[in-house]
Amino acid sequence: MAIQVLTDRIVAQIAAGEVVERPASVVKELVENALDSNAQAIRVEVNSGGRHLIRVSDDGCGIQKSDADLVFTRHATSKLQSDADLLAIGTLGFRGEALASIAAVSRMTVVTRTADEKVGTRLRLEEGASIVRSSVGAPQGTVITVENLFYNVPARMKFLKSETTERRHISRFVSRYALAYPGVGFQLRFDNRLVFQSGPSRELREVVASVYGVEIARQMIEFNTQDEGSIQVSGFASPPSLSRSNRREITIFVNGRWVQDVRLSVAVTQAYHTLLKRGRYPIVFLRVSLSTQDVDVNVHPAKTEVRFRDSDAVFRVVGRSIRRTLLDQSPATQMDTRLWSSGDGATVVDSSRSSWIGLDRVELENRASPASDSVSDARELQKTMPDMGVPIFRIVGQVGAAYIVAEGPDGLYLIDQHAAHERVLYEAFSEQAASAHITSQALLEPSVVEVSPESAALLNNHLDTLQAIGFSVEPFGGSSFLVRALPTLLANSDPAQALMVLVDDFEEDETALDSEVDSRIIARVCKRGAIKSGQTLSHSEQVALVHRLEACKVPRTCPHGRPTMIHISVEQLERQFGRK
Ligand code: ADP
Ligand code: MG
């Protein structure tokens with residue numbers, strides 16, 4: 001075939017494909033234009049999931065009559081004047097592509113008036129070519145109507161999803177922008193029915209409620225870090241008790257723009273490290289603000305990707321801010337009282353026969369007498385210990401050789417001994433690994449262990465970590481390793497088994513960073529080494545364990561994200577006993 005230059009029409013359609021993927025992308029571009037025009041009220045109307053009609057009305061600055069013809073021209077924008085402006089973009093639009101692209105694949109009408117004009121302008125693009133212009137009476141602002149989207153692009157039309165799917169994308173988009181711009185009133189209508197509304201007069205949490213629902217909004221924890229230099233981070237984060245099976249509910253805005261940024265989303269999930277089970281993700285609405293010079297938004301026509309000048313710094317501030325908030329504010333798992341039935345014959349055991357590794361008896365000496373039954377001392381102590389995750393407990397005893405019953409200032413706590421010990425070991429290990437001070441026990445005879453090739457690769461990549469936590473392991477050719485020493489915690493294990501514990505079905509997910517792998521390895525050693533449920537503990541062992549748990553940085557969950565304790569408040573007890 002001979003080479004020929006594409007017609008303008010085809011070029012326009014190809015270019016439009018990058019910007020206008022589906023009805024929601026039209027809504028996105030039009031709403032962003034409205035926000036750029038400083039609108040205080042934005043109304044979005046969608047019929048038939050956007051196939052028939054999308055109309056966005058705003059009360060912003062409007063477009064001057066003399067400029068109006070240009071809006072359909074590619075690369076015509078009022079938002080960039082010079083090359084230098086490209087280095088510090090403060091508007092959502094800047095490429096001058098959206099209106100031209102949308103007009104190329106739909107029938108578009110623009111009605112607009114600026115504050116200085118008496119009469120408004122109406123423009124209509126027929127067949128993507130000739131502009132029909134007229135004067136009309138119109139309020140200040142702009143109304144853009146897009147009809148018959150993709151009528152001339154059958155390929156796109158075919159790939160449009162159901163109306164429900166398109167509506168879901170559009171309402172996600174509008175509601176998230178409403179959260180990011182609480183000062184602007186948003187309205188969304190599907191087929192003339194009002195489905196979403198936010199207003200400048202409303203509390204931010206009310207907007208959160210209209211986006212996520214009242215129950216979730218009640219639980220979301222607000223965070224706001226103003227003092228980290230030039231990077232500001234704020235938003236809402238779900239407590240660990242509230243999670244989702246995918247990352248879709250992590251919404252990130254950078255300088256007022258909704259972006260898809262894998263690294264930032266990893267920073268968010270890492271903030272929940274060991275607070276959530278694997279495969280669970282938080283609900284987070286995150287706003288990051290930084291100097292426009294420190295972020296480049298000119299990465300892709302859809303403008304949903306950004307590059308940071310110092311992405312490590314942004315990553316750190318985001319992670320730290322959310323982590324801090326979670327550790328300071330998330331409550332212990334509450335007992336679900338529906339499951340709380342009385343008198344099933346559970347026994348309280350206080351046997352002093354057993355003993356287990358990892359507990360330092362010296363600690364017991366510093367501990368107040370377990371017989372002290374007043375929690376008011378504990379309450380006093382509590383006040384003087386800021387930032388501590390859990391109250392000081394008084395140990396009552398053990399139930400089912402698995403749970404420790406304790407009293408805190410605000411009621412009863414049931415502590416899972418295995419999960420609690422895992423957490424205690426995990427923090428001790430992580431700290432020791434960091435300070436390279438770990439106790440290790442040499443094997444009488446070094447042992448050769450053979451693992452699968454994938455596991456071998458994994459071990460080889462993390463030999464330093466193994467060393468740091470007390471393993472002495474050397475590659476021994478192929479997928480074999482020579483084990484010379486084990487962490488004291490695993491001293492009684494079979495070396496092959498101990499090594500397998502670390503790597504068995506270790507699925508590396510796409511975002512696992514090396515540091516995450518390290519901590520997962522540590523978590524596995526702890527799981528292996530922790531006391532099991534079914535093991536009877538003496539009173540002093542219970543006390544020592546809980547004492548160490550109290551000292552943990554993240555005492556409420558085990559390293560795998562399960563709760564270490566369940567709380568039953570005095571009020572709950574009173575309700576259950578019919579006193580209230
Ligand atoms: P960009 O937003 O990248 O500048 P667009 O094609 O989206 O490109 O819009 C082109 C121009 O049309 C904008 O620069 C702006 O001047 C004008 N415009 C578009 N929508 C509006 C609006 N709702 N209010 C005021 N001006 C608008
Ligand atoms: Mg635009």
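Data block above holds the structure.
What counts, and at which threshold
Residues numbered from 1 in each chain as written. Chains lettered and ligands numbered in written order. Predicted model: local features only at pLDDT ≥ 70, side-chain atom pairs only at ≥ 80, totals over all residues. Heavy atoms only, no water. Helix = DSSP H or I, 4+ residues; strand = E, 2+ residues; numbered from the N terminus. Buried < 20%, exposed > 50% of the residue type's maximum accessible area, 1.4 Å probe, protein only. Contact = heavy atoms within 4.5 Å. Pairing = 2+ DSSP bridges. Core = buried A, V, L, I, M, F, W, Y, C linked by side-chain atoms within 4.5 Å. Phe/Tyr/Trp six-rings, centres within 6.5 Å; stacked < 30°, edge-to-face > 60°. Near = heavy atom within 4 Å. Polar contact = N/O pair within 3.5 Å; in protein donor to acceptor, adjacent residues only side chain to side chain. Areas by Shrake-Rupley, 256 points an atom, 1.4 Å probe, with all protein chains shown as cover. Nonpolar A, V, L, I, M, F, W, Y, C, P; charged D, E, K, R; others polar. Axes fitted to C-alpha atoms, helices over the stretch in contact; angles between N-to-C directions. Parallel < 35°, antiparallel > 145°, perpendicular 65-115°, else oblique. Left-handed = near helix turned anticlockwise from the far one by under 90°. Salt bridge = Lys/Arg side-chain N within 4 Å of Asp/Glu carboxyl O.

Visitor: Could you give an account of the overall build of the chain, naming the residues involved and the relevant values?
Guide: Counting its regular elements, the chain contains 19 helices and 24 strands. Across the 580 residues in the chain, those meeting the buried criterion constitute 48%. When contacts within the chain are restricted to residue pairs at least 6 apart in sequence, long-range pairs at least 24 apart make up 69% of them.

Visitor: Can you explain the pairing of strand β13 (residues 284-289)? Please cite residues and give values.
Guide: Of the strand pairs in this sheet, strand β10 (residues 232-237) and β13 are connected by six bridges, and their pairing is antiparallel. Across the sheet, residue S234 finds its bridge partner in β13, namely R287. Looking at chain direction, strand β11 (residues 250-254) and β13 are connected through five bridges and run parallel. When the bridges of β13 are listed, V254 appears paired with V288.

Visitor: So what's going on with the nonpolar core? Residues and values would help.
Guide: Core analysis: the largest hydrophobic core is formed by 61 residues, its most contacted members being I42 and F186. Excluding residues within four positions of it along the chain, F186 makes contact with V31, L35, I42, V174, Y177, A178, Y181, F196, Q197 and S198. Of all hydrophobic cores here, the second largest spans 35 residues; its members include F94, I250, L264 and V297.

Visitor: Please give an account of the packing of aromatic side chains that cites residues and values.
Guide: With the rule as written, the count across this model stands at seven aromatic pairs. Considering the side-chain rings of F173 and W258, the 6.3 Å spacing of their centres and the 20° angle between planes classify their relative orientation as stacked. Residue F173 is found in helix α6 (residues 163-180), and its partner W258 is found in strand β12 (residues 257-259); the two are separated by 85 residues along the sequence. Judged by its relative accessible area of 12%, W258 falls in the buried class.

Visitor: I'd like to hear about the site of ligand 1, residue by residue, with values.
Guide: For ligand 1, the set of nearby residues contains 19 residues, the closest of which are N33, T77, S78, K79 and G96. Within the side chain of N33, an N or O atom sits 2.8 Å from an oxygen atom of ligand 1. Within the backbone of G96, one N or O atom sits 2.8 Å away from an oxygen atom of ligand 1. Out of a free accessible area of 530 Å², ligand 1 has 93% covered by protein chains. Secondary-structure elements contributing two or more residues to the shell around ligand 1 are α2 (23-36) and α4 (98-104). Classifying every residue of the shell around ligand 1 by side-chain character gives seven nonpolar, eight polar and four charged.

Visitor: Tell me about the packing of helix α13 (residues 417-435) against helix α18 (residues 539-550), and please be specific about residues and values.
Guide: Interaxial distance between α13 and α18 falls to 9 Å at its minimum, and their mutual angle equals 55°. With respect to α18, the element α13 is oriented oblique. The hand of the α13/α18 crossing is left-handed. On α18, the residues that touch Q417, A420, H421, R423, V424 and A428 of α13 are L545, R548 and L549. For the contact of α13 with α18, a count of residues per class yields five nonpolar, two polar and two charged.

Visitor: Now, about the pattern of salt bridges: what can you tell me, with residues and values included?
Guide: Scanning the model with the defined rule gives 21 salt bridges in all. One salt bridge connects R176 with E249, and the closest N-O pair in it is separated by 3.0 Å. Here R176, found in helix α6, pairs with E249, found in the loop between β10 and β11; they are 73 residues apart in sequence, far enough to count as distant. The pair R176 / E249 is uniform in exposure class, with both members buried.

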